[in-house]
Amino acid sequence: AQSVTQLGSHVSVSEGALVLLRCNYSSSVPPYLFWYVQYPNQGLQLLLKYTSAATLVKGINGFEAEFKKSETSFHLTKPSAHMSDAAEYFCAVSDSNQGGKLIFGQGTELSVKP
Amino acid sequence: DSGVTQTPKHLITATGQRVTLRCSPRSGDLSVYWYQQSLDQGLQFLIQYYNGEERAKGNILERFSAQQFPDLHSELNLSSLELGDSALYFCASSGQRDLTDTQYFGPGTRLTVL
């Protein structure tokens, strides 16, 4: 069965600092991986996705993620945090056995200090 | 705006009651997914429909049911409600059955069971 683990339920950074949100996956088949962001009282918005093309994936709002098969990781990074990045971030894997349903990690809440 | 609409935005009801949540997918999308987001369970997949037919089922309770209509909108019916059913219910849509297809999420329906 596929699964996703996000390390750290809460991450706090200063404005302008590097953002690093960790995601590890478990999958017996090549995974399709996604990062979504959820702002307060809103739905989920896709940041980026990995679909076995380039291992370094660039997304919206300056975020990017690198797929590392050897480490079974798909960490999300942004070089310089902005106050508007404060939100909850979810890593997800597409379940190859069940029609592409998303299996989500527990989420990481990102706080940005001025 | 993802293009996915959900109504109502908020719903407050009592234990034992039945409610219906409605979702309209993005124009042209054939797949509709339902997810439940709660503090203790996180984001959990409930059920998926593709072009009117059930495609995949998650840990959906027997008290819950869903359907997708010919115009592709979907409804999630929750009956014999319990306090623990209080959660945010999301609908997502995608165009194809491909595992890499992006799922676009609606703003959610917040259900409170008193």
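Attention here is on the structure that accompanies the text. (Residues numbered from 1 in each chain as written. Chains lettered and ligands numbered in written order. Predicted model: local features only at pLDDT ≥ 70, side-chain atom pairs only at ≥ 80, totals over all residues. Heavy atoms only, no water.)

Description of the packing of aromatic side chains
To keep it simple, the criterion reads: In this analysis, rings of Phe, Tyr and Trp, with Trp reduced to its six-membered ring, are considered paired at centre separations within 6.5 Å, and the interplanar angle assigns stacked below 30 degrees, edge-to-face beyond 60, and tilted for intermediate values. Each helix is a run of H or I in the DSSP string that is no shorter than four residues. Each strand is a run of E no shorter than two, and both are numbered from the N terminus. The buried label goes to any residue with under 20% of its type's maximum accessible area, the exposed label to any with over 50%, and the partly exposed label to all in between, with areas taken from a 1.4 Å probe on protein chains only.
Applying the stated criterion across every chain, the model contains 16 aromatic pairs over all chains. With centroids separated by 5.3 Å and ring planes inclined at 75°, the aromatic side chains of Y36 of chain A and F105 of chain B adopt a geometry described as edge-to-face. Of this pair, Y36 of chain A sits in strand β4 (residues 33-38) while F105 of chain B sits in strand β10 (residues 104-105), on two different chains. Like Y36 of chain A, the residue F105 of chain B is buried in the burial classification.

Looking at the state of the cysteines
Residues and elements named next belong to chain A. Here is the rule: A pair of sulfur atoms, both from cysteines and within 2.5 Å, is called a disulfide here.
Counting across every chain of the model gives two disulfides over all chains. Between C23 and C91 runs a disulfide, and the two sulfur atoms are separated by 2.0 Å. Residues C23 and C91 are joined by a disulfide whose S-S torsion is about -60°; by sign, that bridge is left-handed. Taken as a pair, C23 in strand β3 (residues 19-26) and C91 in strand β9 (residues 87-94) lie far apart in primary sequence, 68 residues in all.

A word on the layout of surface pockets
For clarity, the cut-off: Within this scheme a cavity is a closed region of a 1 Å grid, computed over the protein atoms alone, that accommodates a 1.4 Å probe without allowing it to escape, whereas a pocket is open but has protein on both sides within 12 Å along at least five of seven lines; lining residues each have an atom within 4 Å of a point. Grid points are joined across faces, edges and corners, and a volume is the space filled by probe spheres set on the points.
Put simply, the largest pocket is a space of about 440 Å³. What lines the largest pocket is a set of 20 residues, and nearest its centre among them are Q38, E88 and F90 of chain A together with Q37 and L39 of chain B. Going through the elements one at a time, β9 of chain A together with β4 (31-38), β5 (42-50) and β9 (87-94) of chain B are the ones with two or more residues in the lining of the largest pocket.

Notes on the interface of chain B and chain A
How big an interface is tends to be expressed through the accessible area that disappears when the partners come together. So the rule is basically this: Any two residues having at least one pair of non-hydrogen atoms within 4.5 Å are treated as being in contact. Summed over both partners, the accessible surface that disappears when two parts come together, traced with a 1.4 Å probe, is what is meant by buried area. Each reported salt bridge corresponds to a side-chain nitrogen of Lys or Arg within 4 Å of a carboxyl oxygen of Asp or Glu. N or O atoms within 3.5 Å of each other form a polar contact, as long as, within protein, one can give a hydrogen and the other can take it, and as long as residues adjacent in sequence are counted only when both atoms are side-chain atoms. Charged means Asp, Glu, Lys or Arg here, nonpolar means Ala, Val, Leu, Ile, Met, Phe, Trp, Tyr, Cys or Pro, and polar covers whatever is left, Gly included.
Between chain B and chain A, the residue contacts involve 21 residues of the former and 21 residues of the latter. Across the interface of chain B and chain A, roughly 1700 Å² is buried in total on both sides, 56% from carbon and sulfur atoms. At the junction of chain B and chain A, the tally comes to zero salt bridges. The interface formed by chain B and chain A holds five residue pairs in polar contact (both at pLDDT 80 or more) in total. For the side of chain B that touches chain A, the elements supplying multiple residues, two or more each, are β4, β5, β6 (53-57) and β9 of chain B. Looking at the side of chain B that touches chain A element by element, the count peaks at four residues for β5 of chain B. Within the side of chain B that touches chain A, the residues separate by chemical class into ten nonpolar, eight polar and three charged.

Here's the deal with the nonpolar core
Note the threshold: Nine residue types can take part in a nonpolar core, namely buried Ala, Val, Leu, Ile, Met, Phe, Trp, Tyr and Cys, and a core is a set of them joined through side-chain atoms within 4.5 Å.
Among the nonpolar cores identified, the biggest contains 28 residues, and W35, L48, F74, L76 and Y89 of chain A are the most heavily contacted of them. L46, L76, L81 and V113 of chain B belong to the second-largest nonpolar core, a separate cluster that totals 21 residues.

Here's the deal with the pattern of salt bridges
A full pass over the atoms with the stated rule returns six salt bridges over all chains. Residue K58 of chain A pairs with E64 of chain A through a salt bridge whose shortest N-O separation is 2.8 Å. Here E64 of chain A falls in the partly exposed class, since its relative accessible area comes to 23%. Here D85 of chain A ties to K78 of chain A by a salt bridge, and the two come within 2.9 Å at their closest N and O atoms. As far as the burial class goes, D85 of chain A and K78 of chain A line up, both buried. Several salt bridges converge on common partners, so that one network encompasses R63, E82 and D85 of chain B.

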